[in-house]
Amino acid sequence: MTSSGTGVFFDGLTSRRQDVHVALQDATLEILRPDGARLDMWPLGQLRELSAPPELLRLGHDGGNALARLEIRDRALAAQIRASAPRLTAALAEERGTTRKVVLWSLAAMVSVSLFTFYGVPALADRVAPLLPWSVDRHMGDIADRQIRAVFPTDPGGFECGASSEERPGREALDRLTKRLSDAAALPVPIKVTVVRSDFVNALALPGGGVYLFRGLLDNARSADEIAGVLAHEIGHVAHRDGARRALQAGGASLLFGFILGDVVGGTAAITIARVLSEAHYSRAAETNADDYAADLMKKIGADPRPLGEFLSRLTEGASEPEADQDKAGKTDDAGEKPTETEKRKERSLQSWISSHPESEERRRRVDAVAGDGPFSPVVDGADFLAIQRICGKPS
Amino acid sequence: MTAWNADQGETGVRPSFQGSAGEMFPIVFKGLALTVLTLGVYRFWYLTNVRRFLWNRVEVGGDYLEYTGRGVELFIGFLIALAVVIPLYGVIFFLSFLLGPIGTIVFQNVATVAIIFLAQFALFRARRYRLTRTIWRGVRFQQTGSGLAYAAKSLGWAILVILTLGLVYPWMRASLERYKMTNTWYGDQQGAFSSTGGQLFKRGFLLWLLCVVVIVGPIAVLAALEMRTPGAAQASPAHAALFVLFLLLPVVFAVYLAIEYRWWANGCSIGPAAASCDLGLFQFFKVYAGYFGVVLLFSMAVGAVGGLIAYLLHANGVLQATEPGPAQYAVMAGGVLVYFVIALAFAALWQLFGVRPIWRKSFESVEIFGLPALMAAQSQAPVANAFGEGIADAIDFGGF
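Model, not experiment: these values are computed from the prediction. (Residues numbered from 1 in each chain as written. Chains lettered and ligands numbered in written order. Predicted model: local features only at pLDDT ≥ 70, side-chain atom pairs only at ≥ 80, totals over all residues. Heavy atoms only, no water.)

Asks: Lay out the overall build of chain A in plain terms, naming residues and giving numbers.
Replies: Secondary structure assignment for chain A yields 13 helices and ten strands. Taking all 396 residues of chain A together, the buried fraction comes to 51%. Contacts in chain A between residues at least 24 apart in sequence constitute 63% of all its contacts with a sequence separation of at least 6. Accessible surface computed for chain A: about 17600 Å², of which carbon and sulfur atoms make up 55%. (Helix = DSSP H or I, 4+ residues; strand = E, 2+ residues; numbered from the N terminus. Buried < 20%, exposed > 50% of the residue type's maximum accessible area, 1.4 Å probe, protein only. Contact = heavy atoms within 4.5 Å. Areas by Shrake-Rupley, 256 points an atom, 1.4 Å probe, with all protein chains shown as cover.)

Asks: Can you explain the sheet that holds strand β9 (residues 203–205) of chain A? Please cite residues and give values.
Replies: All names here are of chain A. Overall, mixed pairing links the three strands, which are arranged β8-β10-β9 in an open sheet. In this open sheet, the two strands that pair with only one neighbour each are β8 (192–196) and β9. Pairwise comparison of adjacent strand axes, ignoring direction, gives a mean angle of 15° for this sheet. Looking at chain direction, β8 and strand β10 (residues 210–214) are connected through five bridges and run parallel. When the bridges of β10 are listed, Val-195 appears paired with Leu-213. Relative to β10, helix α3 (residues 134–151) is tilted by about 25°, and along the sheet it contacts β8, β9 and β10. (Pairing = 2+ DSSP bridges. Axes fitted to C-alpha atoms, helices over the stretch in contact; angles between N-to-C directions.)

Asks: Give me the lowdown on the nonpolar core, citing residues and values where you can.
Replies: In this structure, B:Leu54, B:Trp136 and B:Tyr186 are the most contacted members of the largest nonpolar core, which totals 63 residues. Among the elements that make up this core, the one with the highest residue count is helix α10 (residues 248–267) of chain B (eight residues). Apart from residues no more than four positions distant in its own chain, B:Trp136 is found in contact with B:Val60, B:Asp63, B:Tyr64, B:Leu65, B:Phe141, B:Tyr186, B:Leu371 and B:Met375. If you look at the next biggest cluster of nonpolar residues, it comprises 48 residues, including A:Val201, A:Ala221, A:Ala295 and A:Val380. (Core = buried A, V, L, I, M, F, W, Y, C linked by side-chain atoms within 4.5 Å.)

Asks: Quick rundown of the confidence of the model for chain A? Include the residues and the values.
Replies: All names here are of chain A. Of the residues in chain A, 81% have a pLDDT of 70 or more, and the chain-wide mean is 78. Averaged over each element, pLDDT in chain A is lowest for helix α11 (residues 350–354) (38) and highest for strand β7 (residues 69–72) (93). Taken together, the stretch residues 263–267 has pLDDT below 50 and engages in ten contacts with residues farther than four places along the chain or on a different chain. The model gives residues 319–355 a pLDDT under 50, and that stretch makes 88 contacts with residues more than four places away or in other chains. (pLDDT = per-residue confidence, 0-100.)

Asks: Residue-level account of the state of the cysteines, with values.
Replies: For the coordinates displayed, the defined rule picks out one disulfide over all chains. The disulfide partner of A:Cys161 is A:Cys392, and the S-S distance across this bridge is 1.9 Å. Note on the A:Cys161 and A:Cys392 pair: the S-S dihedral is about 100°, so by sign convention the disulfide is right-handed. Here A:Cys392 lies in the segment after α13 (382–389) and A:Cys161 lies in the loop between α3 and α4 (168–185), a separation of 231 residues in the sequence. Using a relative accessible area of 1% as the deciding quantity, one classes A:Cys161 as buried. In this model B:Cys268 remains outside any disulfide bridge; the closest cysteine sulfur is found in B:Cys277, 9.8 Å from its own. The buried category is assigned to B:Cys277, whose relative accessible area is 5%. (Disulfide = S-S within 2.5 Å.)

Asks: Describe the sheet that holds strand β10 (residues 366–369) of chain B, listing the residues and the values that go with them.
Replies: The pairing of strands in a sheet comes from backbone hydrogen bonds and takes either a parallel or an antiparallel form. Residues and elements named next belong to chain B. Reading across from one edge, β1-β2-β3-β4-β5-β6-β7-β8-β9-β10 is the order of the ten strands in this open sheet, with antiparallel pairing throughout. Looking at which strands have only one partner, the edges of the open sheet turn out to be β1 (16–17) and β10. As judged from the two bridges shared by strand β8 (residues 268–270) and strand β9 (residues 273–277), these two strands associate in the antiparallel manner. Bridged to Ser-269 within β9 is Ala-274. Most of the contacts of helix α2 (residues 43–56) go to strand β3 (residues 63–67), to which it runs at about 165°, and overall it touches β1, β2 (58–60), β3 and β4 (134–136). The sheet contacts of helix α6 (residues 169–182) involve β6 (184–186), β7 (189–193) and β8, and relative to β7 the element is tilted by about 170°.

Asks: Before we move on, can you summarise unusual backbone geometry with the specific residues and values?
Replies: For A:Arg241, which is not a glycine, the phi torsion comes out positive at approximately 60°. Positive phi, close to 55°, is recorded for B:Arg137, a residue that is not glycine. Tracing the sequence through the fold places B:Arg137 in the loop between β4 and β5 (139–143).

Asks: Describe the packing of α10(B) against helix α11 (residues 283–315) of chain B, listing the residues and the values that go with them.
Replies: Residue and element names in this part refer to chain B. Where α10 meets α11, the closest approach of the two axes is 7 Å, and the angle between their N-to-C directions is 135°. As the angle between them shows, α10 and α11 are arranged oblique. Handedness of the α10/α11 crossing: right-handed. On the side of α10, the interface is formed by Val-251, Ala-254, Leu-257, Ala-258 and Tyr-261, while α11 contributes Phe-284, Phe-285 and Tyr-288. Here the contact of α10 with α11 is built from residues that sort into eight nonpolar, no polar and no charged. (Parallel < 35°, antiparallel > 145°, perpendicular 65-115°, else oblique. Left-handed = near helix turned anticlockwise from the far one by under 90°. Nonpolar A, V, L, I, M, F, W, Y, C, P; charged D, E, K, R; others polar.)

This is how it looks when you write it as structure tokens:
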């Protein structure tokens, strides 16, 4: 079998373009100068097809100069070479095989990473958080406290209520209430309650013992037991180390996804979505656990846990207050934006599912179930309740 | 007169690029689809395929370029970059956690400088990767020089640019391009860069002035009105229409890019071969305008389809369910997927109608003179491959 045609040869040493005559012998490809002198001889088994524009066949060959090229535009000759060189496309095929492996194993890896992010990271955070020294929680809490005080918009009169002489009785009454709860809780860190001068209906726990009560929440309370219930719930977050846990979990998840996704389009958005989803799933459990803790703590001091559930239901039902008691322990970076976030909650569909709190009716039933029916006594007397409600001055 | 200049009377060689959007579409579509499915891992192979398309269809003097890079090389480069960047990221995260608020601000600035330095280093190394994977007529391009030196140079210039409010920017460009081009080789032929910062300054100065007028002008006019009669600016919205001038900025920017490219290409030479560029001022702007039009059409189509789907979902009550369930999970997952697909569609359109035409114009606006002399010079020195390509293949994975 012999066929021949023309081609262009580059020797790979110089950039000289040589028009050549190509002869296809039994097992070799001969590259001949127009005068008949042989420039090179490539065994067919060593020919490799290289990437090229569609109108030409670009050949290299193993074992010689890696840059030597033979380009063939003669379609008939190209077809002949394709038919007779056995390993022509081996390199290309190998590359395709590698690519296929990459695609398949990336898919598998993504499934593993997703599963690990949703189940493994939270489980690990659960195990690791209790092992951390409490000083870590307190350090995180201090940083968060400073940030919130710097950025959170409050009403005129200072961030914290209870300092002036008019407000002092409220502060003392709240301290009595706090002391009863914290004595019963007996945590390794002191509980420090701060009343924030803001009509935002909320409470939140910082890691390491800090608790914020917003004035709006106190205004809406009908009894000291309701306030005590919320406080007990927040102490539950502190006791369960939810702040540290959330930090570990969020850090772990964004680390995993961030590094693997790298700089692909929308990578950051995917990380955020993954985090929101896994956090929502996770914080519902944290809220339920804090509710259980609150109910137990209230029972321990002989107080009625049920007002917590009632308070939650009332706040959720209230048309003027779309959703309340959004305590996000340790999640401080978005504290400044929370009021608008609360407004958005009026639309209840997907967002309500993403929001971290379980349905308040469900929470109420759960708290009621734990409460049982024992003889309960109010946690503080009526005078103290009135004082607490006026901790930020006269109700506006 | 026997004095004879090789450049005179010689006709230049104009490269051409033959790659239509239709031919590029399957590469981009398949690449982006797999990139979505693998959450980004495939992007190195995708990029390689796009480069093969772009390189392989550039024809210079009758012969096509060849791109010999491989996806796996880029992937390894990425892993190396990760190995360097992850500890750095960890240190930044840890230190910003430990330091107080003021310390954090100072530290963040230091970190920014470090990141700029690394980015410049990476850019230089990536250029080296692309050059060493480019072959024309069986001879490889090469880049010498040190990435660290280049990064240090860039950083020094960047500081100067900031200190002089951008005045020395043209000289920075000239200096950096000179460094890059004198370290560029085609076989044993060294590159050079002859354009100067002064030339770029002269050509760009008018545009810079125009920018100042467009940005500062309306503000100054409004401020003057406000001074004379307080409240005037708010009273008549017509004055605010002056800000429509801001729309000129993208045009100015695109024109500047064309000017800068022309300045750059005119200064480039390798051995005895020099480039001469006649790119029209509005050539790049045309590309951007075309891309903008395509994106607008695409967005309208997506908006219509998306609206229809949302309406159907709403009508079927899927969006109204508040309890978490399989339907909600499906909607969420679908939403994430749609987000990715749309983001990647924009990327695909950019490849097809942004990158490809710019690539084409970049080559076709250039005429190369002295190519035969380059061929002769190259041929006279048979020890052409002064740089062992095996070593380049083995150690250089700089193409992140």
